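An overview of the molecular structure
The chain contents come next:
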Amino acid sequence: MLNKDIKPLKWKSEPGIGYSVVRRPDGGMNFTFTDTSHETMEHWRVFSLEHLLDSDRLTRNLYDLRQLDHISEEAIGYAVEVNSDPSVRNIRLAVVATNEKVVEAMRKIGALATSPGGVELALFASIDEAEAWLNRPLTIVV
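One structure accompanies this document, and this report is about it. (Residues numbered from 1 in each chain as written. Predicted model: local features only at pLDDT ≥ 70, side-chain atom pairs only at ≥ 80, totals over all residues. Heavy atoms only, no water.)

1. Considering helix α3 (residues 100–112)
- Compared with the 18 Å implied by 1.5 Å per residue over 13 residues, the 18 Å span of α3 between its first and last C-alpha is a close match.
- Along α3, the residues that are buried comprise Val102, Val103, Ala105, Met106 and Ile109. End-on, the buried residues of α3 take up no more than an arc of 160°, which puts them together on one face. Seen from the open side of α3, the exposed residues pointing more than 90 degrees away from its buried face are Lys101 and Ala111. (Helix = DSSP H or I, 4+ residues; strand = E, 2+ residues; numbered from the N terminus. Expected span 1.5 Å × (residues − 1). Buried < 20%, exposed > 50% of the residue type's maximum accessible area, 1.4 Å probe, protein only. Arc of directions from axis to C-beta.)

Next up, the structure:
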């Protein structure tokens, strides 16, 4: 993908926010979370919904949740909301988590999201496994 084809990353770090985002070389995003506090999740929700507004291509995202020991109910609710947006149909999402409570929360989010043909989500215990899955060719299921 040429740099001119990569959508600008409109994410800004703020004090007290427990996640970071960097652009992937393939145009997707890597998210790393250190907490799921109200402030963190509200920031993530606003960023994610704004980013989905002009979603126009297939995208690979990776969420690194290995630093988390739980995901709050509020965070689950926000994630279900975002993952129910029709624009998520363009996303292949690899989630890396090692804590069983976090893995279970991610399964719950996947089960509750309501977007038809929604995000293509898979859970992994290692970054290498997640990257291998993300690097498969992207296709649209119609």
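2. What to know about helix α2 (residues 73–83)
- Taken residue by residue, α2 has Ala75, Ile76, Tyr78, Ala79, Val80, Val82 and Asn83 as its buried positions.
- Summarising the contacts, the buried residues of α2 are in contact with α1 (38–52) and α3. (Contact = heavy atoms within 4.5 Å.)

3. Some details on the sheet that holds strand β1 (residues 19–23)
- With mixed pairing, the 5 strands of this open sheet are ordered in space as β1-β2-β3-β4-β5. With one partner strand each, in any of the chains shown, β1 and β5 (120–124) form the two edges of the open sheet. Across the sheet, the axes of successive neighbouring strands diverge by a mean angle of 15°, strand direction being ignored.
- Each of β1, β2 (29–33), β3 (59–64) and β4 (91–96) touches α1; the most contacted strand, β2, lies at about 170° to it. (Pairing = 2+ DSSP bridges. Axes fitted to C-alpha atoms, helices over the stretch in contact; angles between N-to-C directions.)

Don't take any of this as a statement about function, it's just geometry.
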